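# Descriptive structure summary
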Amino acid sequence: MSFYTSLTGLNSATAQLSVTSNNIANVGTSGFKRSRADFGDIFATSPLQKSSSNIGQGVSLKQVSQEFSQGNVSTSGNSLDLAITGDGFFPLLSADNLQQIYTRNGSFTLNDQNNVVNSTGQRLLAASVDSSGKADLNNLDPLVIPPKTSGQAQETTEIQLGLNLPAESTPIDLKFDRTSPATYNKSTALTVYDSGGNGYLATVYYVKTQAARIDSPFAKWQTYFFVGDRQVKPALQQASNASGAPLYVNKYGEVLPKTDPRVIPGTGTTEMYTLDQQNDTRPSSAATALGAPLTETYFKDNALKGLNFGSDPLATPPVVASTISFALTVDGASAPQTISYDLKAADTDPDTLAKTLEVEINNQLGTLSTSTDRRYGVTVNFDPDARQFRVASGTTGDTSSIQIANANDNAKNLMGFDAANISSVLTINPSTTTALRGQPSQPAILLGSAMTIDTTKNVQVASGNKQLQVAVDGITGSITLTTGSFTMDQVAENMETEINKLVDEETGRKVAGVTVGWDPIAKRLKFQTGTTGETSTIQVTGSNADWGLADTKMATGGTTEWTALKQYTENGALQYVKNGGQTESPTGLSTKTQWWPIFLDRGELSFDLTGKPTSPLDPMQFETAFLEGGQGALTMSIDFTQSTQYSSPFAVLSQAQDGAPEGELMGLDIGVDGLVSATYSNGSQASLGKIAVANFSSPTGLRQIGDAAYLASSTSGTPRIGEAGSAGFGSIRAGATERANVDLTQELVDLITAQRNFQANAKAIETSSTMTQAIINLRS
C-alpha cells in the first residue's frame, strides 16, 4: 500500500507544481488573482476497525481556489483603463448578450459601436444617472462613449459685440457697397450656427454717418449685417431707457417710459415715429386773436386816423373822444367781459394804443369779483407790416383760448375786430386732439429761506419787519404789513393782499393774481405770479431776516417748449405700426391714441460726447435671415451696449454668440465613484453613466473562465450591485490597471517545496519498490 500512498503524493506534488507554475506564468496578467491548491489526506476505515491502528492512504487535491487580495495599481496613458481599489468586480456583458461576467481586469477600449469593451469584446456595464449624478442601479446597460454630441447643436439667437469705434473716423456719404471698402469704415466677422450646428460666416459693417455737432451732440454709425452673402435687415426696434423700459411719445414730443403712470399706450394701428426725426422744437404759444388788416382810412404813415383821438370841449362843435368796445372771453371764462376804452391823443401811435389797451384789459380781468374768471397776462400788440392788432391770452398751450365779439364800429374799423371780415381770426378755441400751441407755461415762483423764528405759534409783525420791497412783472413798490400778532397763514394772506394792491404809477397797470403761501414743513414762504412765461418775474425782499426774505433773488417764469411730431416716411409714403410691424396701410388707425411708441432708426448706433452709447440700450433685433440653399432661417439680435467711441483705434473688446455646433469628444473623466463625464468641443458636458461595481458574499466560490474573468455560482452567491466607494465596494481609479497579486518570491519558494515533495514521494516509491524486490528475491 505504501506504493499507492506515495503515488498520491506524487500527484499532489505535481498539482502543486502546476498551480505554482500557473501563478508564475500570469504574473503580468492584469487583474489576475493567485491560485492556491488545497489538499486533504485520505483516510479509510470501517466501523469494526480500530482507527488508532489504521494507516492513512495518501493525499488528494480538494480544490484550486483564488486569493482575491489587492494587487498593485499601475498607471497607464489610457483613460479607459480602470482599477478597483478595494472589494468588487467590474460587471461585463458577454458578446452574445447572454451572460453577465465579472472581472478585476480593467483594460478597456472602445469598439466600433462606441461601447467600452475588454480584449474579448465583453462590454462594460454602467448605470444611467440623472442630472444630479444619482445612479439607477436596478438597470445596467453597456457603457457607450459617443464621439460627438447628438441634438446639442444650438441655433444662434444672440450675438454680443463690444467694440471701440474710433471717434476720429470721418463720416461717409457714399452709398454702402460691401465690395467697396471706401463705403464703410470698419467691419467685424464671426461664425453663427443654425439648429443643425452648421456654421455660417456673419459680417457686420460700420459706416459713420454723423459726427457730433452743436445742434446734435451725438455721433452716429449705421450698421449693415450679412449672413453669407445675404443682407439681414434690422427689425423695428422701440427705443428704451437705461432701465430697459420701452419709450413712448405724446403729441407734444414728451418722451416717457412705459413705467410712468402718465403713459397709456394706444392699441390697434398707430402712426410711426422715430426718435431722431423729432427735432422740430417750438416754444409754447398763447391763443391769439388777429384783427383784419387796417385800411388806409384808419392807418397811414404809421399812425392811426379816422376817429377822434381825445376830447376837445372848447372846439366848435366840441370834440368827443371816440370809444372802442368789444366783448372779450379768455381761457374759457364763464362769461365775456366788455372792454370799453376812450381813445386818447397819444393813441394815434398803434403801439401806444396796444399797450394802453393791454393795461385796461388786465386791470379789468385781473380784478373780477369771481376769482375763477380772473385772467392775467393778456397781451396786445400791433404788427406794422401786417397792419394787424393781435390779442393773446395770458396762458400758453392748447388749453388756452380767446374770443373777441360784439365789437362796435370803432373797434371794427380801428382794430380790425370785424367778424364779417374773412381776414380776421377772432375766435381761437382750445385744441383737444391736435397739438397746435404746446403746453401751459410756468409762473415765476419765489421761495424764501427757512425762517429761524418759532412759527408754531403766533409771530409778531412790528415796525422792524413790516416793510417789504416787491417787484412783480416790472412793477415795483413797497408794502407795509399790518402790525400785530398773527399766525403765519395770516401773515401770508396779508402779504398777498398788499402785493396785489400795487400799481405801476407810469402805466396804471395793477399787480394781480400773485399768491402767497406758507409751508409749515420747510418753514418758508412761497410767492407765485398769476402771469406765466419767461416775462413773468417776482422778487420780494425785506431787510429783516424774520421772513426769510433777506437774500432773495429775482425769480423768473418759464415758457415751455414742445416738439411737433413728424411721422416717419419711407419712399415718400407715411408709415404706420400694426402688431409691432411696419406698414404703409392706415387700416384700423386709432383716433384715440395719446401715447405712441417711439422707435430707433434701424441699424443705427449713437454715442454721446463722452463716447458712451446712447442708443440702442437693448440688443438690436434683426429680421429673420433665410439661409442659402433653403437650409433654414435664423432670427438673431446683436448687443452693442458694451461698445464705445473713444479716440483710440478700432478694437473688438468682446465678441460672443450663443450658438454652438455639435461637439466632438475632447476629454473623458471617470471619478472615483465611477461617474463617467464627457467634455465636447462645443463646451457641453455630459454624464454618460456610472460604472457599477459587483461584489459577492463568497468571491472564492466564483467560477473561473479564463481571461481573469468569472461567472457567479451557487457557492459565490448572487451578485450585489453598488456604487464605487460606497460601503462594501471599492473605489475606481481611472487611467490605471490592477496588476496580478502574485508574489514571485513566494511562488518560487512554493515551487521548491513542491519539488522536494515530489522527490520525497518518488524516493518513497523507490524504497517501496526495493523492498518488494527483496521479498521477490527471497524466493529464489
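Keep in mind it's a predicted model, so treat the numbers as computed, not measured. (Residues numbered from 1 in each chain as written. Predicted model: local features only at pLDDT ≥ 70, side-chain atom pairs only at ≥ 80, totals over all residues. Heavy atoms only, no water.)

In this section: unusual backbone geometry. Following Ser615, the chain continues into Pro616 via a peptide bond in cis, with omega recorded as -5 degrees. Within the secondary structure, Pro616 sits in the loop between β46 (613-615) and β47 (620-621). Despite not being glycine, Asn114 shows a phi value in the positive range, around 65 degrees. Within the fold, Asn114 resides in the loop between β7 (109-110) and β8 (116-117). Here Asp331, not a glycine, exhibits a phi torsion of approximately 50 degrees, which is positive. Along the chain, the position of Asp331 falls in the loop between β24 (323-330) and β25 (337-342). (Helix = DSSP H or I, 4+ residues; strand = E, 2+ residues; numbered from the N terminus.)

The strand order β25-β24-β28-β29 describes an open sheet built from four strands, whose pairing is antiparallel. Each edge of the open sheet is held by one strand with a lone partner, namely β25 and β29 (427-428). Note: strand β28 (residues 402-405) against β29, two bridges, orientation antiparallel. Each residue of the ladder has a partner; that of Gln403, found in β29, is Thr427. Along the sheet, helix α2 (residues 350-365) makes contact with β24 and β25, crossing β25 at roughly 140 degrees. (Pairing = 2+ DSSP bridges. Contact = heavy atoms within 4.5 Å. Axes fitted to C-alpha atoms, helices over the stretch in contact; angles between N-to-C directions.)

Bringing the sheet that holds strand β42 (residues 576-578) into the picture now. If you trace the three strands from one edge of the open sheet to the other, you get β18-β42-β43, paired in antiparallel fashion. Edge positions in the sheet fall to β18 (270-271) and β43 (581-583), since each of these pairs with one other strand and no more. Summarising the sheet, β42 and β43 pair through three bridges and their orientation is antiparallel. If you follow Lys578 over to β43, its bridge partner there is Gly581.

A few words on the packing of aromatic side chains. In total, this model carries 20 aromatic pairs according to the counting rule given. When the ring of Tyr184 is compared with that of Tyr205, the centres are 4.8 Å apart and the planes differ by 65 degrees; the resulting orientation is edge-to-face. Here Tyr184 is found in the loop between β11 (158-164) and β12 (186-193), whereas its partner Tyr205 is found in strand β13 (residues 199-210), with 21 residues between them in sequence. Here Tyr184 and Tyr205 have matching classes, each one buried. Between Phe382 and Phe389 the ring centres are 4.7 Å apart and the planes differ by 55 degrees, which places this aromatic pair in the tilted class. The two residues Phe382 and Phe389 agree in class, both being buried. Three or more aromatic residues joined by ring pairs make a cluster, and in this case those are Phe68, Phe89, Tyr102, Phe696 and Tyr710. Cation over ring: Arg178 sits above Phe226, and NZ or CZ is 4.3 Å from the ring centre. (Phe/Tyr/Trp six-rings, centres within 6.5 Å; stacked < 30°, edge-to-face > 60°. Buried < 20%, exposed > 50% of the residue type's maximum accessible area, 1.4 Å probe, protein only. Lys NZ or Arg CZ within 6 Å of the ring centre and 35° of its normal.)

It is worth stressing that arrangement in space is one thing and function is another; only the former is reported here.
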